[in-house]
Amino acid sequence: MRVVVAGAGGMVGREVTELFESRGHHEVSAFMSADLDITDRDAVLQRVAIAAPDVVINCAAFTAVDACETEVDRAFQVNGLGVRNLAEACAAEGAHLVHIGTDYVFDGTKPTPYHEWDAPHPMCVYATSKLAGEHEAVALLGPACTIARISWVCGRYGSNMVKTVLRVAAASDGPLRFVDDQRGCPTFANDLATMLYRFAVERRPGLFHVTNQRAVSWFEFVQEILQESGDDPKRVEPISTADLQPPRPAPRPANSVLDNLALRLSGIELLPDHGEALARCIKQLA
């Protein structure tokens, strides 16, 4: 199978690229952001046409949630228009698009986990721009696209909570303070890559929530990170989002727990408990 990976230099993109290459029987064209700017329509159409892929996996996005509040045009240019360009290129080549969405499309007011048929209600520019990208993919490709919504993504590459906590904990023996009123499901990039691989190979259409299992607060997750790394989880102190200093420009959903309902109903095995993935990640980082 011929595969194009956009955003191949990122946390998820690197895992996806390595997974496809490790299987040995795929022709992979992996483009980092410097190699392919998805906001450049002509470049996208040209590069995709040359690669003539069966599948395009879009791991490119502007994910600086707070920066999106002031860089509104850039957020929509990358997360909305960029997806439109990739979808147009896929339509021209008859390729299937696998696109990554976000838990932030929900406002967090639902008392139970969000499933794929819950109506989105984004509260910040980042979330709104990502939802725009979902709409672009579906509008242009219909069943020739898969959308995988993820949350709290972590892994051995890039900047993420696990690496941040390990770095901060090693730099000081003082307390660590994290919010206990935001809940979600950590998603580890190498586990996610296996599901994206399956979506690509099967060209399975539709919207899926894809996370590792078991919801936690950020406070609880940081405790788990310290425990798994051999540090003292009692160093972590809970605070509320309202007590964050300085306050975050972009609102976050209090509840962004994603129910992987579509996967379960489809009979697809879910990703493992995030504790198992965390242990694997910390071992890799060590």
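Residues take numbers from 1 onward in each chain, read along the sequence in its written order. The predicted nature of this model means local features are confined to residues of pLDDT at least 70 and side-chain atom pairs, given and counted, to a pLDDT of 80 or more, with totals for whole chains, interfaces and linings taken over all residues. Side-chain metrics rest on all non-hydrogen atoms present in the structure, leaving aside hydrogens and water.

## Topic: the packing of helix 6 (residues 161–171) against helix 10 (residues 274–285)
Reasoning step 1: Angles here are taken between N-to-C directions and fall from 0 to 180 degrees, while the axes themselves are lines fitted to C-alpha atoms, restricted in helices to the stretch in contact. Helix and strand labels come from DSSP, where a helix needs a run of H or I of at least four residues and a strand needs a run of E of at least two; each type is numbered from the N terminus. Viewed as axis vectors pointing N to C, helix 6 and helix 10 meet at an angle of 55°, and their least axial separation amounts to 11 Å. Relative to helix 10, helix 6 is oriented oblique. Where helix 6 crosses over helix 10, the handedness of that crossing is right-handed. Contacts from Val162, Lys163 and Leu166 of helix 6 reach helix 10 at Leu278, Cys281, Ile282 and Leu285.
Reasoning step 2: Side-chain classes are defined by residue name, with Ala, Val, Leu, Ile, Met, Phe, Trp, Tyr, Cys and Pro counting as nonpolar, Asp, Glu, Lys and Arg as charged, and the others, Gly among them, as polar. Classifying every residue of the contact of helix 6 with helix 10 gives 6 nonpolar, no polar and 1 charged. Relative orientations are named as follows: roughly parallel for angles under 35 degrees, roughly antiparallel for angles over 145 degrees, roughly perpendicular for angles from 65 to 115 degrees, and oblique for any other angle. By definition, any crossing whose near helix is turned counterclockwise from its far helix by less than a right angle is left-handed, and any crossing with a clockwise turn is right-handed. Whether two residues touch is decided by their heavy atoms; if any such pair falls within 4.5 Å, the residues are in contact.

## Points about the packing of aromatic side chains
Reasoning step 1: The aromatic pairing rule takes the rings of Phe, Tyr and Trp, using the six-membered ring of Trp, and pairs them if the centres are within 6.5 Å, calling planes under 30 degrees apart stacked, those over 60 edge-to-face and the rest tilted. For the coordinates displayed, the defined rule picks out 7 aromatic pairs.
Reasoning step 2: Measuring from centroid to centroid gives 4.7 Å for phenylalanine 20 and tyrosine 197, while their planes differ by 45°, and the two rings are tilted. Residue phenylalanine 20 is located in helix 1 (residues 11–23), and its partner tyrosine 197 is located in helix 7 (residues 189–202); the two are separated by 177 residues in the primary sequence.
Reasoning step 3: Ring plane angle 10° and centroid distance 3.6 Å describe the contact between tryptophan 152 and tryptophan 218, whose orientation is recorded as stacked. In this pair, tryptophan 152 sits in the loop between strand 5 (145–150) and strand 6 (153–154) while tryptophan 218 sits in helix 8 (residues 218–228), placing the two residues 66 residues apart along the sequence.
Reasoning step 4: Owing to a relative accessible area of 8%, tryptophan 152 belongs among the buried residues under this scheme. The rule is simple: take the accessible area with a 1.4 Å probe, protein chains only, and divide by the maximum for that residue type; under 20% is buried, over 50% is exposed, in between is partly exposed.

## Some thoughts on the sheet that holds strand 5
Reasoning step 1: Note: two strands are recorded as paired if DSSP finds a minimum of 2 bridges between them. Strand order in the open sheet formed by 6 strands is 2-1-3-4-5-10, and the pairing between neighbours is parallel. Each edge of the open sheet carries a strand with a single partner, namely strand 2 (27–31) and strand 10 (206–209). Here the average twist between neighbouring strands, direction ignored, is 20°.
Reasoning step 2: Relative to strand 4 (residues 96–102), strand 3 (residues 55–58) runs parallel, the two being bridged by 4 bridges. Paired with valine 55 across the two strands is histidine 96, which belongs to strand 4.

## Describing helix 2 (residues 41–51)
Reasoning step 1: Val44, Val48 and Ala51 are the residues of helix 2 that are buried. What you see down the axis of helix 2 is that its buried residues fit within an arc of 60°, all on one side. When the buried face of helix 2 is taken as reference, the exposed residues oriented beyond 90 degrees from it are Asp42, Gln46 and Ile50.
Reasoning step 2: At its buried positions, helix 2 is contacted by strand 1 (2–6), strand 2 and helix 4 (72–93). Our arc is simply the arc of the directions from the helix axis toward the C-beta atoms.

Everything listed here is a matter of geometry and, on its own, says nothing about what the molecule does.
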